[in-house]
Amino acid sequence: MHIPDFGIAAVERDTGLSKDVLRVWERRYGFPAPRRDANGERSYPAEQVERLRLIKRLMDQGHRPGKLIAAATEELSGLAACSLVPRAAGENGEVEQLGALLALIKQRNGAAYQQAMQQRLARQGLQRFVQDSVAPLTRRVGEAWEDGSFEIFDEHLFTELTKRLLRQAIAALPVGRSRPRILLTSVPDEQHVLGLLMVEALFALEGADCIPLGVQMPLLEIGRAASAHRADIVALSFSVAFPQRQIAVLLQQLRLILPPEAALWAGGAGIRRLVKLDGVDLLPTFDMALAALADWRAAHP
């Protein structure tokens, strides 16, 4: 029996995905791929609607929409079949608080967002603020942009206000005077700065001498800066948006450019799938970065 196509309003009701999200995904990912009826309106085949239902269910479980849309149907079904660990009550409360902060950005209420974040900073201290507030918020903003619920300007507002908060917090710390001297930057075309600011805050809290160079430094300039500043470590950040196939080549090139005595560290969500590289420490989590700092100091008393 032929199953008729669904109109966009019916798909919205059936899947829980808004019309705006459906249109954004169509434009951004090429899925769904609706047909057009005699009046030029979108009409969605049943198999696409079923896939959309599955994607929405997995999104509700915490999976990222961009990766789900790119996955094969069999992979989606396998994910859906996996049992989930229920969240503890305290974790649910924290998720709700982070959601309220994102809602302030969505409402374009920057002043209220800053005030709420300053209160969290005062309550949590800088290390917990970075790891338990800024990092998960940054991840959720990326997901919200991916699923179309955040506009580009919403993401930019979040980034600019959060950068301001982190820079103020770092400026209030005593100037790091102990080794290592850590040069922090990113490679060309890596524009995301929050990862660098977060790790700078954590290293500065540990008393390291941080040298922030901002983002998008040419590789030769990174090498020259490392020599000029006598950097013990060059730390780069790669976001999940950076083309992964380029990362290993860039790191290998930079390793050849840097002074041999300078360590090269790479962190961020973008490096999580990289395999080990000679002469490069891959540190995808903040805990690993702090452990690497402690190990460096132990090896350089």
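Analysis parameters
Residues numbered from 1 in each chain as written. Predicted model: local features only at pLDDT ≥ 70, side-chain atom pairs only at ≥ 80, totals over all residues. Heavy atoms only, no water. Domains from an automatic or database assignment. Pairing = 2+ DSSP bridges. Helix = DSSP H or I, 4+ residues; strand = E, 2+ residues; numbered from the N terminus. Expected span 1.5 Å × (residues − 1). Bend = angle between axes of the 7 residues up to and from the residue. Core = buried A, V, L, I, M, F, W, Y, C linked by side-chain atoms within 4.5 Å. Buried < 20%, exposed > 50% of the residue type's maximum accessible area, 1.4 Å probe, protein only. Contact = heavy atoms within 4.5 Å. Patch = residues over 30% accessible without salt bridge, like charges linked within 9 Å, V, L, I, M, F, W, Y side chains within 5 Å. Areas by Shrake-Rupley, 256 points an atom, 1.4 Å probe, with all protein chains shown as cover. Salt bridge = Lys/Arg side-chain N within 4 Å of Asp/Glu carboxyl O. Lys, Arg positive; Asp, Glu negative; His and termini not counted. Charge placed at Lys NZ, Arg CZ, Asp CG, Glu CD. Polar contact = N/O pair within 3.5 Å; in protein donor to acceptor, adjacent residues only side chain to side chain. UniProt positions renumbered as here; feature names shortened; annotations may be inferred. Phe/Tyr/Trp six-rings, centres within 6.5 Å; stacked < 30°, edge-to-face > 60°. Lys NZ or Arg CZ within 6 Å of the ring centre and 35° of its normal. Right-handed = clockwise from strand over helix to strand, strands pointing away.

The chain is annotated in an unreviewed UniProt entry as Transcriptional regulator MirA from Candidatus Accumulibacter vicinus.

Novice: So what's going on with the domain arrangement of the chain? Residues and values would help.
Specialist: Domain boundaries assigned for the chain yield domain 1 (6–82), domain 2 (92–169) and domain 3 (175–299). Here the C-alpha centre of domain 3 lies 38 Å away from the C-alpha centre of domain 1.

Novice: Any details on the sheet that holds strand 3 (residues 42–44)? Residues and values, ideally.
Specialist: Read from one edge to the other, the open sheet built from 3 strands follows the order 1-3-2, with strand pairing classed as antiparallel. Of all the strands in the sheet, the pair left with one neighbour each is strand 1 (6–7) and strand 2 (35–36). Both strand 2 and strand 3 contribute to a ladder of 2 bridges, which runs antiparallel. When the sheet's bridge partners are listed, Arg35 is paired in strand 3 with Ser43.

Novice: A description of helix 8 (residues 126–146) should follow, citing residues and the corresponding values.
Specialist: In this model, helix 8 (21 residues) spans 28 Å end to end at C-alpha, consistent with the 30 Å of a helix rising 1.5 Å per residue. Remark: the principal bend of helix 8, roughly 30°, maps to Val134, with a proline, Pro136, within the next four residues. Following helix 8 by one or two positions, Gly148 adopts a phi angle in the positive range, close to 85°.

Novice: How would you explain the nonpolar core if you had to name every residue and give the values?
Specialist: Tyr113, Phe203 and Trp265 are the most contacted members of the largest nonpolar core, which totals 46 residues. For this core, the element with the highest residue contribution is helix 10 (residues 194–205), accounting for 9 residues. Those residues in contact with Phe203 that sit more than four places away from it in its chain are Ile182, Leu184, Ala208, Cys210, Trp265, Ala289, Leu290 and Leu293. Grouped together as the second largest cluster of nonpolar side chains are 25 residues, Leu254, Leu258, Ala266 and Ile271 included.

Novice: Tell me about a positive patch on the surface, residues and numbers included.
Specialist: A cluster of basic residues, Lys67, Arg139, Arg272 and Arg273, forms a positive patch on the protein surface. Mapped onto the elements, Arg273 comes out in the loop between strand 7 (263–267) and strand 8 (281–283).

Novice: Describe the side chain of Glu190, with residues and values.
Specialist: Positionally, Glu190 belongs in the loop between strand 4 (178–185) and helix 10. Within polar-contact distance, the side chain of Glu190 engages the backbone nitrogen of Ser239 at 2.8 Å. If near-sequence neighbours (up to four positions away) are discounted, Glu190 is found in contact with Val215, Gln216, Ser237, Phe238, Ser239 and Phe242.

Novice: Could you give an account of the pattern of salt bridges, naming the residues involved and the relevant values?
Specialist: The tally for this structure, following the rule as stated, stands at 12 salt bridges. Here the residues in one salt-bridge network are Asp14, Glu50 and Arg53, joined through shared partners.

Novice: Quick rundown of the UniProt feature "domain: B12-binding" (unreviewed entry) in the chain? Include the residues and the values.
Specialist: In the UniProt entry, the feature "domain: B12-binding" (unreviewed entry) is given for residues 179–301. In the segment residues 179–301, helix accounts for 41% and strand for 20%; the C-alpha atoms at its two ends are 9 Å apart.

Novice: Any details on helix 9 (residues 152–171)? Residues and values, ideally.
Specialist: For helix 9, with 20 residues, the first-to-last C-alpha span of 28 Å sits near the 28 Å given by 1.5 Å per residue. For helix 9, the set of buried residues is Asp154, Glu155, Phe158, Leu161, Thr162, Lys163, Leu165, Leu166, Ala169 and Ile170.

Novice: Explain the packing of aromatic side chains to me, and be specific about the residues and the numbers.
Specialist: Counted by the stated rule, this structure contains 3 aromatic pairs. Ring geometry for Phe238 against Phe242: centres 5.4 Å apart, planes inclined by 65°, an arrangement best described as edge-to-face. Take Phe242: its relative accessible area is 5%, and that puts it in the buried class. Sitting over the face of the ring of Phe31, Arg51 holds its NZ or CZ atom 5.4 Å from the ring centroid.

Novice: Outline the pairing of strand 5 (residues 208–212), listing residues and values.
Specialist: Taken across its 5 residues, strand 5 has 4 buried, putting it largely inside the fold. Pairing analysis gives 5 bridges linking strand 4 to strand 5, with the strands arranged parallel. Among the inter-strand pairings, Leu183 is bridged to a residue of strand 5, identified as Ile211. Where the polypeptide runs from strand 4 across helix 10 and back to strand 5, its parallel neighbour, the crossover connection is right-handed.

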